Amino acid sequence: MLDLALLRREPDRMRRVAARRAIGGDFVDDVLAIDVRLRAARTTAEALQAEKNALTARISQATDKGAAARELRPQIADLDARIVAANAEIPPLDAQIDAILSEIPNLLDDTVPDGAGEDDNVVVRDSGPPPVATFTAKPHYELGEALGIIDFERATKLSGARFSVLRGAGARLSRAVVAFFLARAHDRGYTEIAPPLLVTRDTMWSTGQLTKFADAMFRDTDADLFMIPTAEVPLTALHRDEILNADLLPLQYTAHTPCFRKEAGAAGKDTRGLIRQHQFEKVELVWLVAPEKSDEALERLTADSEALLAELELPYRVLALCSADVSFNAARTYDLEVWLPGQQLYREISSCSNCTDFQARRAQIRFRREAKGKPEFVHTLNGSALAVGRTLVAILENYQREDGGITIPRALVPFCGFTSIEPDGTTR
RNA sequence: GGAGAGAUGGCAGAGUGGUCGAAUGCAUUCGCUUGGAAAGCGAACAGACUGUCAAAGGUCUCGGGAGUUCGAAUCUCCCUCUCUCCUCCA
């Protein structure tokens, strides 16, 4: 949620952001026009109310309250009518502003490169050129099925398209990846959380997902609960409606959860393999920090995610998303992309964003610098560290052997207890 | 799913129609005291909006909404949530 006061103060700034994000900027003038009317209506109503309160106070102070009440009743009745009329104007105006404001995306950081789409994202660094293979690498879905560790056919039988069954070494490897990610997050100071996977509408709204993923979410309509599309939601909303002590900051949380997405807008895209599933696992990192620390926090959060790829010795690159590709909540985003030799392309495996005060304002997450200080909004950041399914994909494709077997990355061996998956699906 | 109890400021907890945004205690902050600290004493201490250079001031909020009344934390109705017991259950 954008700050209305900021919009009022610097409308041109929002107009520029709208242009850079390639969305229409009419809403700026719409909001400002409604805001003028709203404030006028409020002032009028409040002045009348103050008048009435003064009369009521006179009755309270009178010795003969009954007499005073009888005497002032006509005046009060007249004020009442005018107050009702003045107040009636407020809710519709309020609702109009809320409706517009809650659909406006976050401001963009000045460092975000201009661009019209994902092709304009800027590579800021990489782990070097992807290695040249000595044989033709296969895509992970062929490898997985041949090894008997991923079963797409039976998943479809159980649940339809975009689901998968992991089996044997595949399931074990996946679990090891999660354990590895969580262990590293712990080492780096994150507090592990095991959150609910179903959250209320309020929670979902508070982190900005209800707009962004509105059609993309699975939900139970009876209880009006939503299945989380990412652990960002419960982790960020953990301190919703709280005023934190400054010495608690920064808060660093991690969680391993399944994520559920309808992928309604992705019909026909990535239909093969583990890349785009209705249900996938992810380890998420979330920071709550003081505003002046969020730039630095984004670098550290990104570095924490990046270190996992480096330790797994997977080829990757880091992208600064361009203005048109930065998502609704974020002011600035780094994507981590991993090289997939089976498909000869880089693929997103993590997205690390600084959401500044945008989610904090929706979720009312504040902190106080001093005992008597005014509450301020925290800045929230989130990033994947990492997407588990896509990590599995990357491992299969990058660590495949010519005979169809898989070598386990060294860093993972202590977590899964085997060093390879043989062509027949057994482990060594 | 059945029955009952409850929801007040950071916490605990008073307050059943009128100077109540709210006693008191704890916590916190500042001052006095002290060589320093503790104790003691004094003071400050909810959030939002509006207003101002800054103030003063104004409006709203005692889970949420509607109502009764000149006036509601207090009375009425609806909703939500929490707790306890029973039932069920990993």
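Every value quoted in this text rests on a predicted model; they were computed, and no experiment measured them.

## Comments concerning the overall build of chain A
Phase 1: A count of helices and strands for chain A gives 15 helices and 18 strands.
Phase 2: Considering only C-alpha atoms, chain A reaches an extent of 100 × 45 × 40 Å along its principal axes.
Phase 3: Relative to its 428 residues, chain A shows a buried fraction of 50%.
Phase 4: Pairs at least 24 residues apart make up 72% of the contacts formed inside chain A by residues separated by at least 6 positions.
Phase 5: When the accessible area of chain A is evaluated, it comes to approximately 20200 Å², of which 50% is carbon and sulfur surface.
Phase 6: If the 52 positive side-chain charges of chain A are averaged to one point and the 63 negative ones to another, these points end up 3 Å apart.

## Topic: the environment of Pro 423
Phase 1: Here Pro 423 lies in the segment after strand E18 (420-421).
Phase 2: You can call Pro 423 partly exposed: its relative accessible area is 36%.
Phase 3: On a C-alpha basis, the gap between Pro 423 and Leu 396 in space is 12 Å, while along the polypeptide they are 27 residues apart.
Phase 4: Residues within four places of Pro 423 in sequence aside, it is in contact with Ala 146, Leu 147, Arg 401, Asp 403 and Gly 405.

## So, the nonpolar core
Phase 1: Membership of the largest hydrophobic core comes to 55 residues, with the highest contact counts inside it found for Leu 173, Phe 181, Leu 309, Leu 412 and Ile 421.
Phase 2: With 9 residues, helix H8 (residues 169-187) is the single largest residue contributor to this core.
Phase 3: With sequence-adjacent residues up to four places away left out, Leu 173 is seen in contact with Leu 392, Ile 395, Ile 408, Leu 412, Phe 418 and Ile 421.
Phase 4: Of all hydrophobic cores here, the second largest spans 39 residues; its members include Met 1, Leu 55, Ile 83 and Ala 330.

## Concerning the pattern of salt bridges
Phase 1: This structure, assessed with the given rule, holds 33 salt bridges.
Phase 2: With a closest N to O distance of 3.7 Å, Asp 78 and Arg 82 form a salt bridge. One end of the pair, Asp 78, and the other, Arg 82, are both in helix H4 (residues 65-88), 4 residues apart, so they sit about a helical turn from each other.
Phase 3: Overall, Arg 82 belongs to the partly exposed group, its relative accessible area being 42%.
Phase 4: Among the charged side chains, a salt-bridge network with shared partners connects Glu 263, Asp 270, Arg 276 and Arg 347.

## Some details on the domain arrangement of chain A
Think of interface size as the accessible area that goes away when the parts come together; that is how it is often given.
Phase 1: You can read the domains of chain A as domain 1 (4-101) and domain 2 (118-421).
Phase 2: In this structure, domain 1 and domain 2 have C-alpha centres spaced 44 Å apart.

## Looking at the protein's contact with RNA strand B
Phase 1: Neighbouring residues of RNA strand B: 17 residues in total, closest Asn 53, Ile 59, Arg 73, Ile 76 and Arg 368.
Phase 2: The sugar-phosphate share of atoms of RNA strand B within 4 Å of the protein amounts to 71%.
Phase 3: In the environment of RNA strand B, a phosphate oxygen lies 3.2 Å from a nitrogen or oxygen atom belonging to the side chain of Arg 39.
Phase 4: For the surface near RNA strand B, the elements supplying multiple residues, two or more each, are helix H3 (26-61), H4 and strand E14 (365-368).
Phase 5: Counting residues per element, the surface near RNA strand B draws most heavily on H3, which supplies 9 residues.
Phase 6: Taken together, the residues that form the surface near RNA strand B break down as 4 nonpolar, 4 polar and 9 charged.

## Let's talk about the sheet that holds strand E11 (residues 316-320)
Phase 1: The mixed open sheet is built from 8 strands, whose spatial order is E1-E11-E12-E13-E16-E10-E9-E4. Edge positions in the sheet fall to strand E1 (122-126) and strand E4 (191-192), since each of these pairs with one other strand and no more.
Phase 2: Both strand E9 (residues 251-260) and strand E10 (residues 279-289) contribute to a ladder of 10 bridges, which runs antiparallel. Of the residues in E10, the one forming a bridge with Thr 257 is Lys 282.
Phase 3: The strands that helix H14 (residues 388-398) touches are E10, strand E12 (332-340), strand E13 (345-354) and strand E16 (379-387); relative to E16, the one it contacts most, it runs at about 40°.

## Observations regarding the packing of aromatic side chains
Phase 1: The final tally for this structure, using the stated rule, is 5 aromatic pairs.
Phase 2: Pairing Tyr 190 with Trp 287 gives two aromatic rings, centres 6.1 Å apart and planes at 80°, and the pair type is edge-to-face. Remark: Trp 287 occurs in strand E10 and Tyr 190 occurs in the loop between H8 and E4; sequence separation between them is 97 residues. Per residue, the accessibility class of Tyr 190 equals that of Trp 287, and both read buried.

## Some points on the sheet that holds strand E7 (residues 225-227)
Phase 1: Spatially, E5-E7-E6 is the arrangement adopted by the 3 strands of the open sheet, whose pairing is antiparallel. Taken across any chain shown, the strands that pair with only one partner, and hence form the sheet edges, are strand E5 (198-200) and strand E6 (219-220).
Phase 2: In the sheet, E6 pairs with E7 via 2 bridges, with the strands oriented antiparallel. Counterpart to Arg 219 in the pairing with E7 is Phe 226.

## Describing the side chain of Thr 302
Phase 1: Within the fold, Thr 302 resides in helix H12 (residues 294-311).
Phase 2: Non-local contacts of Thr 302, meaning those with residues more than four positions away in its chain, are made with Arg 125, Tyr 334, Leu 336 and Cys 352.

## A few points about unusual backbone geometry
Phase 1: The linkage connecting Leu 249 with the following residue, Pro 250, adopts the cis geometry, with an omega of -5°.
Phase 2: Examined against the element boundaries, Pro 250 turns out to sit in the loop between strand E8 (242-245) and E9.
Phase 3: The omega torsion across Ala 385 and Leu 386 is -5°, close enough to zero to call that bond cis.
Phase 4: Within the fold, Leu 386 resides in strand E16.
Phase 5: Positioned with a positive phi, Arg 162 is a non-glycine residue whose angle comes to about 65°.
Phase 6: Along the chain, the position of Arg 162 falls in the loop between helix H7 (152-159) and strand E3 (165-166).

What counts, and at which threshold
For every chain, the first residue of its written sequence is number 1, and the numbers climb from 1 along that sequence. Chains carry letters and ligands carry numbers; both start at the beginning, A for chains and 1 for ligands, and go up in the order they are written. Confidence filtering applies because this is a predicted model: local features only for residues at pLDDT of at least 70, side-chain atom pairs given and counted only at 80 or more, and all residues used for totals across whole chains, interfaces and linings. Just so you know, side-chain values use all the structure's heavy atoms and leave hydrogens and water out. Secondary structure follows DSSP: runs of H or I at least 4 residues long count as helices, runs of E at least 2 residues long count as strands, and numbering of each begins at the N terminus. Using a 1.4 Å probe on the protein chains alone, a residue whose accessible area is under 20% of its type maximum counts as buried, one over 50% counts as exposed, and one in between counts as partly exposed. Should any heavy atoms of two residues lie within 4.5 Å, those residues are counted as being in contact. Reported accessibility uses the Shrake-Rupley method at a 1.4 Å probe radius. Residues are deemed covered only where the shown protein chains occlude them. In this tally Asp and Glu are treated as negative and Lys and Arg as positive; neither His nor the chain ends contributes. For this purpose, a charge sits on NZ of Lys, CZ of Arg, CG of Asp or CD of Glu. Throughout, nonpolar core names a set of buried Ala, Val, Leu, Ile, Met, Phe, Trp, Tyr and Cys residues whose side chains join them through atoms within 4.5 Å. Salt bridges, as used here, are contacts in which a Lys or Arg side-chain nitrogen is within 4 Å of a carboxyl oxygen on Asp or Glu. Residue ranges assigned to each domain were obtained from an automatic or database domain assignment. We call a residue near a molecule or strand whenever a single non-hydrogen atom of that residue lies within 4 Å of it. Definition of a polar contact: a pair of N or O atoms within 3.5 Å, with one able to donate and the other able to accept a hydrogen when the atoms are protein atoms, and with sequence-neighbouring residues admitted only if both atoms are side-chain atoms. Residue classes follow a fixed rule: Ala, Val, Leu, Ile, Met, Phe, Trp, Tyr, Cys and Pro count as nonpolar, while Asp, Glu, Lys and Arg count as charged, and any other residue, Gly among them, counts as polar. Whether two strands pair depends on DSSP finding at least two bridges between them. The angle between two axes is taken between their N-to-C directions and runs from 0 to 180 degrees, where each axis is a line fitted to C-alpha atoms and a helix contributes only its stretch in contact. Here is the rule: rings of Phe, Tyr and Trp (six-membered ring for Trp) pair when centre to centre is within 6.5 Å. Planes less than 30 degrees apart are stacked, more than 60 are edge-to-face, and the remainder are tilted.

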